[in-house]
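Spelled out, the chains give:
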Amino acid sequence: MEKVLQTANSLPLWILATLVVGIVIFQAIIFIRLASKTSQSVGMTPTDVKSAIRAGAISSLGPSLAIIVVAISMISLIGSPVTLMRISIIGSAAIETVGASIGSKAAGVDLGSQGYTLQAFTNAVWVMCLGGMGWLLFVALFTKSLGKIQKKAEANPKNVTMLSTVSVAAMIGAFSYLGGGEMVKGISEFVVFIVAFIVMPIIIWIGDKTQLRWIKEWSLGLVIIVGMFAGYLIS
């Protein structure tokens, strides 16, 4: 295991991971610049742009905390460079953990066990990388086509309404699927989900009534805090 971690934290892997993370940061900067330049064409003011960027940054804090907790445990199994590289690209600690476990078991050992060898580590890294390629390839191959489909749909007002409805339904379905998976784990998870489900609309309503934009921007973070407090009380 010690030899595996030495390889997993070696300089070549750090260099590769740094390059990948650097590309991600570069893309984020480019996207922000392009969005800022085109904001006026869609009726957004500089204040709206700053508010949107701030809201996005704040909203990312909650999910990031959960990822950090899992990432810390992954560091002791696959090393810091690979963990940093995979989390920066995919951002789903749960999926990466499953991928690493499957790759290790394919080599005949459990992830992080006494028999964890360099071969098992290599298998784990390959499974994580190949498992994430599907998402990246879909974005690269079909993003432009999806944009054309959207433009054609927007030519008809009815289609715009349909797209909005489908988007909202997709978000509700996604969060319901994730939330439902947690609710069935036990009474604590069920209560926390219900509390969060009730508190979020209240926070949005307060933000609308008081015209305090920061309340809506911090809504996700506030709901996470309330959910954590509720979970602490009933656990």
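As the structure is a prediction and not an experimental result, all values here were calculated from the model.

Engineer: What's the story with the overall build of the chain in this structure? I'm lost.
Structural biologist: On a plain count of helices and strands, the chain comes out with 11 helices and 0 strands. When the helices and strands of the chain are placed in sequence order, the string is α-α-α-α-α-α-α-α-α-α-α. Taken along its principal axes, the extent of the C-alpha atoms in the chain is 60 × 45 × 30 Å. A total of 235 residues make up the chain; the buried ones form 22% of that total. Relative to all contacts within the chain whose residues are 6 or more apart in sequence, the contacts with residues 24 or more apart total 58%. Accessible surface, the chain as shown: approximately 15900 Å² in total, 74% of it carbon and sulfur. The averaged location of the 9 negative side-chain charges in the chain is 13 Å from the averaged location of its 16 positive side-chain charges.

Engineer: Quick question: what am I supposed to make of the packing of helix H2 (residues 11-38) against helix H5 (residues 80-89) here?
Structural biologist: Between two packed helices, both the angle of their axes relative to each other and the distance between the axes serve to describe the pair. Two elements in contact, H2 and H5, have axes separated by 8 Å at closest approach and are oriented at 20 degrees. As the angle between them shows, H2 and H5 are arranged roughly parallel. For the crossing formed where H2 meets H5, the hand is left-handed. Note on element contacts: H5 touches H2 through Ser-80, Pro-81, Val-82, Leu-84, Met-85, Ser-88 and Ile-89, opposite Leu-13, Trp-14, Ala-17, Val-20, Val-21 and Val-24. Here the contact of H2 with H5 is built from residues that sort into 11 nonpolar, 2 polar and no charged.

Engineer: Any chance you could explain the side chain of Arg-86 here in plain terms?
Structural biologist: Inspection of the secondary structure assignment puts Arg-86 in helix H5. Among the polar contacts made by the side chain of Arg-86, one reaches the main-chain carbonyl oxygen of Met-128 at a distance of 2.8 Å.

Engineer: Would you take a moment to explain the confidence of the model for the chain for this structure?
Structural biologist: Detailed conclusions should not be drawn from predicted coordinates in areas where pLDDT is low. Summary statistics for the chain give a mean pLDDT of 80 and a share of 91% for residues scoring 70 or more. Across the chain, H2 holds the top mean pLDDT of 88, while helix H10 (residues 213-217) sits lowest at 69.

Engineer: Would you take a moment to explain the environment of Ser-59 for this structure?
Structural biologist: Tracing the backbone through its elements, the reader meets Ser-59 in helix H3 (residues 46-59). With relative accessibility at 27%, the residue Ser-59 sits in the partly exposed group. Separated by 49 residues in the primary sequence, Ser-59 and Ser-10 have C-alpha atoms spaced 34 Å apart.

Engineer: Explanation requested: the side chain of Ser-39 in the structure shown.
Structural biologist: With respect to the helices and strands, Ser-39 occurs in the loop between H2 and H3. Judged by relative accessible area, which is 5%, Ser-39 ranks as buried.

Engineer: Sorry if this is basic, but what is going on with the nonpolar core here?
Structural biologist: Generally speaking, nonpolar side chains in soluble globular proteins are found buried as a group. Within the largest apolar cluster, 13 residues are counted, with the highest numbers of intra-cluster contacts made by Ile-78, Val-82, Ala-100, Tyr-116, Phe-121, Val-125 and Met-128. Within the residue set of this core, elements represented by two or more residues are helix H1 (2-8), helix H4 (61-78) and helix H7 (118-154). Sorting elements by how many residues they give to this core places H7 first, with 5 residues.

Engineer: What is the right way to read a positive patch on the surface from this model?
Structural biologist: A surface patch of positive charge is lined by Lys-144, Lys-148, Lys-151 and Lys-152. Among the structural elements, Lys-151 can be located in helix H7. Taking relative accessible area as the criterion, Lys-151 reaches 67% and is therefore assigned exposed.

Engineer: Would you explain the environment of Lys-105 in this entry?
Structural biologist: Residue position: Lys-105 is located in helix H6 (residues 93-106). Along the backbone, Lys-105 and Ala-120 are 15 residues apart, and their C-alpha atoms lie at a distance of 7.5 Å.

Engineer: For this particular structure, what's the right way to read a nonpolar patch on the surface?
Structural biologist: There is a patch of nonpolar side chains on the surface, built from Trp-126, Leu-130, Met-133, Leu-137, Phe-138, Val-139, Leu-141, Phe-142, Leu-146 and Ile-149 and spanning about 1000 Å² of accessible area. If you trace the backbone, Met-133 turns up in helix H7. Judged by its relative accessible area of 38%, Met-133 falls in the partly exposed class.

Definitions and limits used
- Residues numbered from 1 in each chain as written.
- Predicted model: local features only at pLDDT ≥ 70, side-chain atom pairs only at ≥ 80, totals over all residues.
- Heavy atoms only, no water.
- Helix = DSSP H or I, 4+ residues; strand = E, 2+ residues; numbered from the N terminus.
- Buried < 20%, exposed > 50% of the residue type's maximum accessible area, 1.4 Å probe, protein only.
- Contact = heavy atoms within 4.5 Å.
- Areas by Shrake-Rupley, 256 points an atom, 1.4 Å probe, with all protein chains shown as cover.
- Lys, Arg positive; Asp, Glu negative; His and termini not counted.
- Charge placed at Lys NZ, Arg CZ, Asp CG, Glu CD.
- Axes fitted to C-alpha atoms, helices over the stretch in contact; angles between N-to-C directions.
- Parallel < 35°, antiparallel > 145°, perpendicular 65-115°, else oblique.
- Left-handed = near helix turned anticlockwise from the far one by under 90°.
- Nonpolar A, V, L, I, M, F, W, Y, C, P; charged D, E, K, R; others polar.
- Polar contact = N/O pair within 3.5 Å; in protein donor to acceptor, adjacent residues only side chain to side chain.
- pLDDT = per-residue confidence, 0-100.
- Core = buried A, V, L, I, M, F, W, Y, C linked by side-chain atoms within 4.5 Å.
- Patch = residues over 30% accessible without salt bridge, like charges linked within 9 Å, V, L, I, M, F, W, Y side chains within 5 Å.
- Salt bridge = Lys/Arg side-chain N within 4 Å of Asp/Glu carboxyl O.

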